[in-house]
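# Chain and residue survey
For reference, the chains in residue letters:
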Amino acid sequence: MDYQQLLHQAMATALSAPGRGRPADYIPALAAVDPTAFGMAIATVDGEVFGAGDWETPFSVQSVSKLFTLALALAEGGEDADALWRRVGREPSGNPFNSLVQLETEQGIPRNPFINAGALVVTDRLLELTGDAVGAVRDFLRAESGNDAIEVDDAVAASEARHGHRNAALAHFIASYGNLRNPVESVLAHYYAHCAMTASCRDLALVGRFLARHGVRADGSRLLSRSEAKRVNAVLLTCGTYDAAGEFAFRVGLPGKSGVGGGILAVLPGRGAVCVWSPGLDQAGNSVLGVAALDALTTATGWSVF
Ligand code: GLN
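As a starting point, this report considers the structure included with it. The shown structure was predicted, so the numbers you read here are calculated from the model rather than taken from an experiment.

### Some points on the sheet that holds strand β3 (residues 59–60)
Read from one edge to the other, the open sheet built from 3 strands follows the order β3-β5-β4, with strand pairing classed as antiparallel. At either margin of the open sheet sits one strand with a lone partner, and together these are β3 and β4 (151–152). Sheet analysis places β4 next to strand β5 (residues 197–199), joined by 2 bridges and oriented antiparallel. Across the sheet, residue Val-152 finds its bridge partner in β5, namely Met-197.

### Comments concerning the site of the ligand
Contacts to the ligand come from Tyr-26, Gln-62, Ser-63, Phe-97, Asn-116, Glu-160, Asn-167, Tyr-191, Cys-195, Tyr-242, Gly-259 and Val-260. In this structure, Tyr-26 approaches the ligand through a side-chain N or O atom, which is 2.5 Å from an oxygen atom. Asn-167 places a polar side-chain atom, nitrogen or oxygen, 2.9 Å from an oxygen atom of the ligand. Look at the ligand: alone it shows 290 Å² of surface, and the protein chains cover 99% of it. Its residues assigned to classes, the shell around the ligand comprises 6 nonpolar, 5 polar and 1 charged.

### Regarding unusual backbone geometry
In this structure, Gln-107 takes a positive phi of about 55 degrees despite not being glycine. The topology assignment puts Gln-107 in the loop between α4 (101–105) and α5 (116–130). Non-glycine residue Tyr-242 carries a positive phi angle of around 60 degrees. The topology assignment puts Tyr-242 in the loop between α11 (226–239) and α12 (245–251).

### Some remarks on the pattern of salt bridges
Using the criterion set out here, one finds 10 salt bridges in the structure. Between Arg-22 and Asp-25 there is a salt bridge, with its nearest N and O atoms 3.3 Å apart. Salt-bridge contacts for Arg-87 lead to Glu-128; the nearest nitrogen and oxygen are separated by 3.3 Å. In this pair, Arg-87 is assigned in the loop between α3 (82–85) and α4 and Glu-128 in helix α5, connecting sequence segments 41 residues apart. When its relative accessible area of 5% is taken as the criterion, Arg-87 is described as buried. A relative accessible area of 37% places Glu-128 in the partly exposed class.

### Quick word on the pairing of strand β7 (residues 263–268)
Across the 6 residues that make up β7, a large majority, 6, are buried. Across the two faces of β7 the burial is the same, with Gly-263, Leu-265 and Val-267 and Ile-264, Ala-266 and Leu-268 all buried. As paired elements, strand β6 (residues 256–258) and β7 share 3 bridges and run antiparallel to each other. Each bridged residue has a counterpart across the sheet, and for Lys-257 the counterpart in β7 is Leu-265. Between the antiparallel neighbours β6 and β7 lie 4 residues, among them Gly-262 with a positive phi of about 100 degrees. Two elements, β7 and strand β8 (residues 272–277), share 6 bridges in a ladder whose sense is antiparallel. Bridging from a neighbouring strand, Leu-268 pairs with Gly-272 of β8. Adjacent in sequence and paired antiparallel, β7 and β8 are bridged by 3 residues, among which Gly-270 carries a positive phi angle near 80 degrees.

### Some words on the pairing of strand β1 (residues 39–44)
The buried count for β1 comes to 6 of 6 residues, which makes it a mostly enclosed element. Bridging between β1 and strand β2 (residues 49–53) involves 5 bridges; their strand directions are antiparallel. The residue of β2 that forms the bridge with Ile-42 is Phe-50. Hairpin connection, β1 to β2: the antiparallel pair is bridged by 4 residues, and Gly-47 has positive phi, about 100 degrees. Bridge count between β1 and β8: 6 bridges; the pairing is antiparallel. The residue bridging Ala-41 from the neighbouring strand is Cys-275, located in β8.

### Considerations on the environment of Ser-63
Along the chain, the position of Ser-63 falls in the loop between β3 and α2 (65–77). When the C-alpha atoms of Ser-63 and Ala-175 are compared, they prove to be 21 Å apart, with 112 residues separating the residues in sequence. Polar contacts involving the side chain of Ser-63 include one to the side chain of Tyr-242, which spans 3.4 Å.

### Focus: the packing of aromatic side chains
Tallying each qualifying case throughout the model produces 9 aromatic pairs. Judged by centre distance (4.9 Å) and plane angle (5 degrees), the ring pair of Phe-59 and Trp-277 falls under stacked. Here the residue Phe-59 occupies a position in strand β3, and Trp-277 occupies one in strand β8, the gap between them amounting to 218 residues. Residue class for Phe-59 comes out buried when judged on its relative accessible area of 4%. The buried category is assigned to Trp-277, whose relative accessible area is 3%. Each residue in the set Tyr-3, Phe-50 and Trp-303 is aromatic and connected to the rest through ring pairs, giving one cluster. Across the ring face of Trp-85, the terminal group of Arg-90 is positioned such that the distance to the ring centre comes to 5.3 Å.

Definitions and limits used
- In this numbering scheme, every chain counts its residues from 1 along its sequence in written order.
- Selection of residues for local features in this predicted model requires a pLDDT of at least 70, selection of side-chain atom pairs for listing and counting requires 80 or more, and totals for whole chains, interfaces and linings are taken over all residues.
- Here the side-chain values reflect all heavy atoms present in the structure, with hydrogen atoms and water set aside.
- One bridge is not enough; two strands pair if DSSP finds at least two bridges between them.
- Think of it this way: any DSSP run of H or I at least four residues long counts as a helix, any run of E at least two long counts as a strand, and we number them from the N terminus.
- Here, proximity means that at least one heavy atom of the residue falls within 4 Å of the molecule or strand.
- Distance and chemistry together define a polar contact, namely a pair of N or O atoms within 3.5 Å, with one atom able to donate a hydrogen and the other to accept it when in protein, and with adjacent residues in sequence counting only for side-chain atoms on both sides.
- Note on areas: Shrake-Rupley, 1.4 Å probe, and residue coverage restricted to the protein chains presented here.
- Three categories are distinguished: nonpolar for Ala, Val, Leu, Ile, Met, Phe, Trp, Tyr, Cys and Pro, charged for Asp, Glu, Lys and Arg, and polar for the others, with Gly belonging to the last.
- The term salt bridge refers to a pairing of a side-chain nitrogen on Lys or Arg with a carboxyl oxygen on Asp or Glu at a separation within 4 Å.
- Classification of residues uses two cut-offs on accessible area relative to the type maximum, computed with a 1.4 Å probe and protein chains only: under 20% is buried, over 50% is exposed, and between them is partly exposed.
- Stacked, edge-to-face and tilted labels apply to pairs of Phe, Tyr and Trp rings (six-membered ring for Trp) whose centres lie within 6.5 Å, assigned for plane angles under 30 degrees, over 60, and everything in between, in that order.
- Lysine and arginine charges are scored as sitting over a ring when NZ or CZ, respectively, is within 6 Å of the ring centre and within 35 degrees of the ring normal.

What is shown is where atoms sit, not what they do.
Right, here's the structure in full:
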């Protein structure tokens, strides 16, 4: 399999279609990104990594981090996974990632861990279990990618905090139902900081291998049981790209998590992980070229979980 060639072809196919979307600007620091940036990387389960375009340029991981907080909260919770699943559901929301509407009818239990409301509860759980949710995510990303330079971009975190009225509203609303264990301010600070982590396609593809390896980390130790890894992949497929998860499953056919920084990390179970980055977003907040490139890649290769 010539992975290098496949990446170049997938990117060329994506670029041949019209439509680029627009970078997120509701977090002002994100709007400063080069809108033409485009990169893609594959990391295989046996340790090879291939990349094309801007695959080594760090970008703001944003909601891709929600995948790592979920995996770490489940791992740290040990046998007691239900302690988390009682506080957050696992159904697609059919609503935008930052929506407030379902929270009231569903009594402060967010629909799934990948919308902002659910990710706030997961961050709270990870904070409860480790005392340092951001540190846990950073250490995990560094260890799996081998890149010790992965860090929080404080300017992005501060920019999001300054404009974070919606996330603050979500967190307070959840707290009003008794579904946060830590002070709202700490949960928000850890949430903004793990979203503001910067990493490249190379880094994230390397990190994503733990799901391709059914829960096994780069050093051979087990983070999640095989069953838990399968479940995380299932939630990624059904909820990882917000209210466009159906369209993503239709076009790409793989579990994947997107972020408003323009990154998407997708899992090829048993084979590896692929990360693509391009800042222009569609209406749902998913990278336009990113989805198109993954669509082209999986269409050309037949890679799918179906
Ligand atoms: N930090 C962003 C927010 O809370 C993450 C959103 C996203 O990437 N979809 O709005």
